[in-house]
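So the chains spell out like this:
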Amino acid sequence: MLPFFSSTFTPATHLYSFVLALSLATFASAATSIPVTVPARAPGHNVVQSNFLGISIELSFMSEYFGNDTSTIPPTILTYLSGIRNRTGNSPLRIRVGGNSMDDSTYVPNLTGPMIQFITTSDSSDDQPVNYGPMLWQVMKQVADNVGGAEYLIGLSLRDPNNMEVPVIAADAEATLGTTLDGYLLGNVGFDFPLDREPDLYTTHGQRPNIKNYTTDIYISEYQTVTNRMTNTSAGDLLDLKNFGGPTICCFWNLDALLTGGYLSTFDGILKYVTLQHYPQNNCFGSYAFGIPYYIQHANAVTLAAWQSPAISLLQSNTSANRPQLIMSEFNSASCGGIPTVSDTFAVGTLWTLDYSLQMAAAGYSAAYVHTRERGISYNLFTPPDAPNGSPGDWVTNPPYYAVVASAEALQTTDGTGGVVVDLNISNSITDKTATVAGYAVYDSNGANVEQFVLFNYANVSNFATADAATATFALPASAFTNNKKTGITVKFLSAASLTEKYNIAWGGQSLVNVGDGVLQNVTASWAVPNQELDCTNGCSVNVPAAAMAVVFAGGTAKVNTVNPTTNTTASSQNSGTQKPNQDNQAWRSSATSPLLFVLCALGALFVSGL
């Protein structure tokens, strides 16, 4: 009988058993490194910029965030937006202003202030009409200037195609915003079901009571009626700008049928964007279909981004420089304000928002806008003080804000010309819903060299004996790193105290928890994983704790924050670049090449040979 199975245990037996168990466990841990296969070239050609992920703000509540006029713009919102803009390189910050309220609100050209004026109390908080005037454009322009550059998408109503107010709105916006006006989304009114007014829902929601079946042909005709009025405005012929977007469908129509049915051919000369709005589910009636587990299954993000895939393929087949770009003009975790305890978590608000955004970039989108509404909504990026608009006070940072910041850095490229995002299908995560890991490679605009790796570990620590056991070790091949950049590779982490965490969230070892002014602060807590530096000459392993995301700056792009890097200079094998253990975070474990592992395995082998 083997000694460690006998009924009599000696101190030596205990020691031998412990050494053997520990060595085998350590070996098993190292053997679970996740191989990452990296294509020599990006298989796609959809080039996106570092400002891919923008912010959508509901018109009715713009003043909660931007103040009432140019003299009351809160400094903190400028800090928040600058925190994103500082990471987007040559590309301006993307902001879209619209939503349900844009469709129902009234433009008052002689309204000097405040920029938003509530006119009635709506029966639904999902659709609050307001009066607004030129002050809105003045505030937006000043914000753009103050943060170092922003570009705006403006929603224009298609509720009444004969409304002569629409050309006035478009002209005033153009006159004030100038080059900061990125485009007009005609017919764009937000998605918050059931009060949305997307054209594919006009029949369902009674927006065309005299039309039994509102068809794509009718929509094209109405779109043409409105755009024809843009030829003679106070700002000139706005069609010359070629910055219109549509159709902003959400639900029922097939986009490819609309595009090939006359939409593209009719508006080719003026169309800058083809727009969609889509949420994975709604919480409009006090119930919802699924919770956090849905959002931490990467395969679901893949399926969601593939919605309207025939149209995406159609648009991608046009490789001309002036082809319309596909954008998601509004999204979030659930329509009608999200789901408390789901939308406002690190798992969903941060990790899922970033994962889904990157998946859209990989699928063929050129931009996406995560939506924010009034105070108290669970999916908002940040919360202003509970005080009159523009008042001083502490703001609260919510999970989606970290996703936008991290996205801007993850999509940086060395030459600033944009990158191609590729889903690496790690552990068959594209289709396998049991996979707890996923990852992307961000190539340069030519698809030749990897600029960044983005690695997700969705594992729930509570399902493991220890946090260490839940760590995912990604093995990156040496071939993925260019010859002139294999050492000093920086790794930054998007981490939190848990999947359900709302506030203790960090990016690059910095956080905004208990920070009221929007300025990221260094954090030493165990949940704020510090930056690492790797030597990837012979390949390297990246340990990503559960749950977290890591960005590996393979191309050596400039990082905004490289505070407190932990350097590992060992370089002798495939795993030579694994990060050094961090005393503040038990999730780090040694790589397969660590001396401790060899010692333990040797002791174990000696013990076995002596049995």
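Throughout, residues of each chain are indexed from 1 in the direction in which the sequence is written. Local features in a predicted model are, by the rule used here, given only for residues with pLDDT of at least 70; side-chain atom pairs are given and counted only at 80 or more, and totals for whole chains, interfaces and linings are based on all residues. As a convention, hydrogens and water are excluded, and side-chain values are obtained from all of the structure's heavy atoms.

**Focus on the sheet that holds strand β11 (residues 271-277)**
- Strands sit in the order β3-β4-β8-β9-β10-β11-β12-β13 around a closed barrel of 8 strands; the barrel is parallel. Mean inter-strand twist for the sheet, computed between neighbouring axes without regard to direction, equals 25°.
- Following DSSP output, two strands are said to pair if at least two bridges run between them. Helix numbers and strand numbers start at the N terminus; a helix is a DSSP run of H or I with at least 4 residues, a strand a run of E with at least 2. Across 5 bridges, strand β3 (residues 53-58) lies against strand β13 (residues 367-372) in parallel orientation. Pairing of S56 across the sheet is with H371, part of β13. To define axes, lines are fitted to C-alpha atoms, for helices over the stretch in contact only, and angles between the resulting N-to-C directions are given on a 0 to 180 degree scale.

**Here we look at the side chain of S82**
- By secondary structure assignment, the location of S82 is in helix α3 (residues 75-85).
- Given the relative accessible area of 17%, S82 is considered buried.
- The contact criterion used throughout is that any non-hydrogen atoms of two residues lie within 4.5 Å. If we ignore the near neighbours within four places in the chain, the residues touching S82 are N146 and V147. Each residue is placed in one exposure class: buried if its accessible area under a 1.4 Å probe, protein chains only, is under 20% of its type's maximum, exposed if it is over 50%, and partly exposed if it falls in between.

**Some points on the pattern of salt bridges**
- For this document, the term salt bridge refers to a Lys or Arg side-chain nitrogen within 4 Å of an Asp or Glu carboxyl oxygen. A full pass over the atoms with the stated rule returns 10 salt bridges.
- When the shortest N-O distance is used, the salt bridge between E409 and R87 registers 2.7 Å. Of the two residues, E409 sits in helix α13 (residues 399-410) while R87 sits in the loop between α3 and β4 (93-98), which places them 322 residues apart along the sequence. In this pair, the class of E409 matches that of R87, namely buried.
- Residue D344 pairs with K502 through a salt bridge whose shortest N-O separation is 3.3 Å. Taken together, the positions of D344 in the loop between β12 (325-331) and α12 (346-363) and K502 in the loop between β20 (489-496) and β21 (505-507) put the pair 158 residues apart, joining distant regions of the chain.

**Things to note about the sheet that holds strand β1 (residues 34-35)**
- Spatially, the 3 strands line up as an open sheet ordered β1-β19-β25, and their pairing is mixed. Here the strands that pair on one side only, and so sit at the sheet edges, are β1 and β25 (540-544).
- In this sheet, strand β19 (residues 472-476) lies alongside β1 in parallel orientation, the contact comprising 2 bridges. Bridged to I34 within β19 is F474.

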